[in-house]
Amino acid sequence: MLNKLDLRSSLPTVQEIATNFRLAGWINFGVQLGLLVVSGLIVLFAIADPNFNLKAQDAMSGLGLFCGLGGLLVLGLSLYWDWNYIRIGKDLQNPNPALHPKKADVISLLWRGLALNAAGMILTLFGVEVIVGTLVAKSLTQVQGMAIYNASQLIEPLDMFVVQANINTIVAQFVGIISSAWLISRISYHHH
C-alpha cells in the first residue's frame, strides 16, 4: 500500500518562515557587509595609490574599474534589502496575523532583492572581465628576461588585489541571490 505524502505537514509554518527570514537576513548582512568592507578598502587603496596602473592604463581599464565600483555600490544597496528580510521576519513573529505583511508584497520584495543582486553581479562580472582582459594584454607584452622600461606594462600585486576585490563582490552578490531564491521558495509553498 502506498502512503500519500501529506503536503500540509511538509509546508513551512509562519514561525518557520519568520525564522528563515531573520536567519537569511543576518547571514546576508554579515557576509555582504564583510566582503563589501574588504573589497571597498582594496579598491580605495588602489585608486589612492599613484602607482596603480589600471586606472591610467586606458579607457577599458577605467571602464572595468567603474563597473567594479558600480557593483560595490549595488552591494551597499543590497544591505538595505538584508535589513528588510530581518524586519519581515520580526513582523511575521507578531502573534496578530492581521499585522503580518502580505504574501504578495513579500514575494515582490524578494524578487526585487534578487534582481538587485543579479544586476550587481552582472555589473561586477563585466568589470572584472575588462580588468582581467587588461592584465592578460599586459602579460602578453612582457617578454621574459627583457628589461621593461615602461612601468605601466608591469602587472603589480595591487592589480591582482583589485581582481580579488571584484571576485569578493561577486561572491557577496551570489549569496544574496541564493538566499532570495531560497526565501521565495519557502514562502511560495506556504498557504497564508
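Rules of the game
- Residues numbered from 1 in each chain as written.
- Predicted model: local features only at pLDDT ≥ 70, side-chain atom pairs only at ≥ 80, totals over all residues.
- Heavy atoms only, no water.
- pLDDT = per-residue confidence, 0-100.
- Helix = DSSP H or I, 4+ residues; strand = E, 2+ residues; numbered from the N terminus.
- Contact = heavy atoms within 4.5 Å.
- Buried < 20%, exposed > 50% of the residue type's maximum accessible area, 1.4 Å probe, protein only.
- Salt bridge = Lys/Arg side-chain N within 4 Å of Asp/Glu carboxyl O.
- Core = buried A, V, L, I, M, F, W, Y, C linked by side-chain atoms within 4.5 Å.
- Phe/Tyr/Trp six-rings, centres within 6.5 Å; stacked < 30°, edge-to-face > 60°.
- Axes fitted to C-alpha atoms, helices over the stretch in contact; angles between N-to-C directions.
- Parallel < 35°, antiparallel > 145°, perpendicular 65-115°, else oblique.
- Left-handed = near helix turned anticlockwise from the far one by under 90°.
- Nonpolar A, V, L, I, M, F, W, Y, C, P; charged D, E, K, R; others polar.

## Looking at the confidence of the model for the protein chain
Thinking step 1. Across the protein chain, the average pLDDT comes to 83, with 79% of residues at or above 70.
Thinking step 2. Considering each helix and strand of the protein chain separately, the mean pLDDT is smallest for helix 1 (residues 7-10), with a value of 48, and largest for helix 2 (residues 14-48), with 92.
Thinking step 3. Predicted confidence is poor over residues 1-9, with pLDDT under 50, and the contacts of this stretch with residues over four places away or in other chains come to zero contacts.

## A short note on the side chain of threonine 124
Thinking step 1. Summarising the element assignment, threonine 124 is placed in helix 5 (residues 103-141).
Thinking step 2. We classify threonine 124 as buried; its relative accessible area is 0%.

## Section: the pattern of salt bridges
Thinking step 1. Under the counting rule described, the total for this entry stands at one salt bridge.
Thinking step 2. A salt bridge links aspartate 91 to arginine 87, with the shortest nitrogen-to-oxygen separation between them at 3.3 Å. Here the residue aspartate 91 and the residue arginine 87 both occupy positions in helix 4 (residues 59-92), the gap between them amounting to four residues, near one helical turn.
Thinking step 3. Given a relative accessible area of 27%, aspartate 91 falls into the partly exposed group.

## A closer look at the nonpolar core
Thinking step 1. Residues Phe21, Tyr85 and Leu110 are the most contacted members of the largest nonpolar core, which totals 29 residues.
Thinking step 2. Among the secondary structure elements, those contributing two or more residues to this core are helix 2, helix 4, helix 5 and helix 6 (157-188).
Thinking step 3. Sorting elements by how many residues they give to this core places helix 5 first, with 10 residues.
Thinking step 4. Residue contacts for leucine 110: discarding those within four places in its chain leaves Phe21, Tyr85, Ser180, Leu183, Ile184 and Ile187.
Thinking step 5. In this structure, Phe29, Leu36, Ile42 and Leu75 belong to the second largest nonpolar core, which totals nine residues.

## Things to note about the environment of leucine 23
Thinking step 1. In this fold, leucine 23 is placed in helix 2.
Thinking step 2. Along the sequence, leucine 23 and glycine 89 sit 66 residues apart, while their C-alpha atoms lie 8.5 Å from each other.

## Considerations on the packing of aromatic side chains
Thinking step 1. For the coordinates displayed, the defined rule picks out five aromatic pairs.
Thinking step 2. Each ring, one from tyrosine 80 and one from tryptophan 81, has its centre 5.4 Å from the other, and the planes form 80°; the classification is edge-to-face.
Thinking step 3. Residue tryptophan 81 is classed as buried on the basis of its relative accessible area of 17%.
Thinking step 4. Feature note: the residues Trp26, Phe29 and Trp83 constitute an aromatic cluster, connected by ring pairs.

## A look at the environment of alanine 115
Thinking step 1. Along the chain, alanine 115 falls in helix 5.
Thinking step 2. Sequence-wise, alanine 115 and isoleucine 177 are 62 residues apart; in three dimensions their C-alpha atoms are separated by 7.9 Å.

## Observations regarding the side chain of serine 78
Thinking step 1. By the element assignment, serine 78 lies in helix 4.
Thinking step 2. For serine 78, a relative accessible area of 0% gives the class buried.
Thinking step 3. Once you skip the residues sitting within four places of it in the chain, serine 78 turns out to touch Gln32, Leu116 and Asn117.

## A closer look at the packing of helix 2 against helix 6
Thinking step 1. Two elements in contact, helix 2 and helix 6, have axes whose closest approach is 9 Å; the angle formed by their N-to-C orientations is 165°. It follows that helix 2 is roughly antiparallel to helix 6 by the angle criterion. Here helix 2 and helix 6 pass one another in a crossing that is left-handed.
Thinking step 2. Of the residues in the contact of helix 2 with helix 6, the class split is 20 nonpolar, nine polar and two charged.

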